[in-house]
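One-letter residues, chain by chain:
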Amino acid sequence: MSDERSGGRGRGGKKDDKAKAGERPRGGFFRRRRVCKFCADKIDYINYKDVRLLMPFIPERGKIQPRRISGTCAKHQRALQTAISRARQLALIPYVTD
Amino acid sequence: MSQNRQYELVYIVAPETGEQEVADLHTQIEQIVQRFQGTVDKTENWGRRKLAYEIGHHKEGVYVVETLTGSGEMVKEIERRLRVADAIIRYLTVRVDEDLRVAQRRHDERKSTQARRRTARGLPPEPQPGERRGDMDEEDDRMEGVEVGR
């Protein structure tokens, strides 16, 4: 916690500064939880029929949220991709929204 | 040998179709499954549901989910029938046995690792209901609060 605070002193600089410092961008402007939701919740099978599970990964436009934003691990992102494609085919999730 | 594959079949029936016709479609599928010596393990009718986008002027559809066990030939025949049927506006068959097996194995592995570690720490193998667990969320929220305060 204490190192967290001292790290906070440096805030106010741009995001780039933090990246240069080589530390995790904690407390940046858009700090997102960088944990894979599926790993954390121990979801082994991403069910394509479970719309409520998939919804957080498709923001307004209906596109699949990239890994760099959602923090999903590669393995689960791949599974998520398949699940979303199937759900789209079944008109559970839109292909596009405008 | 390839008889025991598990499939999930989802089909969307046009909303103006009557209850009876939906039931008929189900019996038709059941008959095909029986002809190929397969089994219908589960049938779920989600009822009328809004479609995320229009499919041929339809805005709603009746969703039916069937879990089947059988051969690929059986699925081929069912799909052929569904394509021909006018009331069906969309269908999707997915082979699920392999994925479910992988998921089950992962689940079991995790269970056994947990039990092993817990017994090594002198705890009962299963987590007790009132036990406190390390929670990432809590920490995150606290940091968010600090941030706002500044």
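Only a predicted model underlies this, so the values are computations on that prediction, with no experimental measurement involved.

**Remarks on the overall build of chain A**
Then, number 1: Looking only at helices and strands, chain A features six helices and zero strands.
Then, number 2: Mapped in sequence order, the helices and strands of chain A form the string α-α-α-α-α-α.
Then, number 3: Residue pairs in contact within chain A that sit at least 24 positions apart in sequence constitute 53% of those at least 6 positions apart.
Then, number 4: Carbon together with sulfur atoms contributes 50% to the accessible area of chain A, which is approximately 6,500 Å² in total.

**Points about the overall build of chain B**
Then, number 1: Scanning chain B from terminus to terminus reveals four helices and four strands.
Then, number 2: Reading chain B from its N end, one meets helices and strands in the order β-α-β-β-α-β-α-α.
Then, number 3: Burial statistics for chain B: of 150 residues in total, 32% are counted as buried.
Then, number 4: Sequence-distant contacts in chain B: of pairs separated by 6 or more residues, those separated by 24 or more amount to 69%.
Then, number 5: As presented, chain B carries roughly 9,900 Å² of accessible surface, and 47% of it is formed by carbon and sulfur atoms.

**Focus: helix 2 (residues 72–84) of chain B**
Residues and elements named next belong to chain B.
Then, number 1: With 13 residues, helix 2 should cover 18 Å at 1.5 Å per step; its first-to-last C-alpha distance of 19 Å lies within 8% of that length.
Then, number 2: Taken as a whole, helix 2 has its buried residues at Met74, Val75, Glu77, Ile78 and Leu82. Projected down its long axis, helix 2 shows its buried positions confined to an angular sector of 160 degrees, all on one face. When the buried face of helix 2 is taken as reference, the exposed residues oriented beyond 90 degrees from it are Glu73, Lys76, Arg83 and Val84.
Then, number 3: As for helix 2, its buried residues are in contact with strand 1 (5–13), helix 1 (19–35), strand 3 (58–70) and strand 4 (88–95).

**Digging into the nonpolar core**
Nonpolar side chains tend toward joint burial in soluble globular proteins.
Then, number 1: Residues Phe38, Leu54 and Leu90 of chain A together with Tyr63 of chain B are the most contacted members of the largest nonpolar core, which totals 30 residues.
Then, number 2: Those elements giving two or more residues to this core turn out to be helix 4 (51–54) and helix 6 (74–89) of chain A together with strand 1, strand 2 (39–55), strand 3 and strand 4 of chain B.
Then, number 3: Per element, the largest residue contribution to this core is four residues, and it comes from helix 6 of chain A.
Then, number 4: Beyond its immediate sequence surroundings of up to four residues, Leu90 of chain A is in contact with Tyr48 of chain A together with Val10, Ile12, Tyr63 and Leu92 of chain B.
Then, number 5: One finds Tyr11, Val62, Leu68 and Ile88 of chain B within the second-largest nonpolar core, a separate group that totals 17 residues.

**Quick notes on the packing of aromatic side chains**
Then, number 1: Taken as a whole, this structure holds three aromatic pairs over all chains when the rule is applied.
Then, number 2: Where Tyr95 of chain A meets Tyr53 of chain B, the ring centres are 5.3 Å apart and the plane angle is 50 degrees; that geometry is what we call tilted. With Tyr95 of chain A in the segment after helix 6 and Tyr53 of chain B in strand 2, this residue pair bridges two chains.
Then, number 3: Using a relative accessible area of 18% as the deciding quantity, one classes Tyr53 of chain B as buried.
Then, number 4: Here the aromatic rings of Trp46 of chain B and Tyr63 of chain B are separated by 5.6 Å at their centres, their planes lie at 20 degrees, and the arrangement is stacked. Residue Trp46 of chain B is found in strand 2, and its partner Tyr63 of chain B is found in strand 3; the two are separated by 17 residues along the sequence.
Then, number 5: Here the guanidinium or amino end of Arg49 of chain B rests over the ring plane of Tyr63 of chain B, the centre of that ring lying 5.8 Å away.

**Considering the environment of Tyr63 of chain B**
Then, number 1: Under the relative-accessibility criterion, Tyr63 of chain B is labelled buried at 0%.
Then, number 2: Considered as a pair, Tyr63 of chain B and Val22 of chain B are 41 residues apart in the sequence and their alpha carbons are 9.9 Å apart.
Then, number 3: Those residues within four positions of Tyr63 of chain B in sequence are excluded, and the remaining contacts are Leu90, Ala91 and Leu92 of chain A together with Val10, Tyr11, Ile12, Glu44, Asn45, Trp46, Gly47, Arg49 and Leu51 of chain B.
Then, number 4: Reaching out from Tyr63 of chain B, the side chain makes a polar contact with the backbone oxygen of Ala91 of chain A at a distance of 3.5 Å.

Calculation rules
- Residues numbered from 1 in each chain as written.
- Chains lettered and ligands numbered in written order.
- Predicted model: local features only at pLDDT ≥ 70, side-chain atom pairs only at ≥ 80, totals over all residues.
- Heavy atoms only, no water.
- Helix = DSSP H or I, 4+ residues; strand = E, 2+ residues; numbered from the N terminus.
- Contact = heavy atoms within 4.5 Å.
- Areas by Shrake-Rupley, 256 points an atom, 1.4 Å probe, with all protein chains shown as cover.
- Buried < 20%, exposed > 50% of the residue type's maximum accessible area, 1.4 Å probe, protein only.
- Expected span 1.5 Å × (residues − 1).
- Arc of directions from axis to C-beta.
- Core = buried A, V, L, I, M, F, W, Y, C linked by side-chain atoms within 4.5 Å.
- Phe/Tyr/Trp six-rings, centres within 6.5 Å; stacked < 30°, edge-to-face > 60°.
- Lys NZ or Arg CZ within 6 Å of the ring centre and 35° of its normal.
- Polar contact = N/O pair within 3.5 Å; in protein donor to acceptor, adjacent residues only side chain to side chain.

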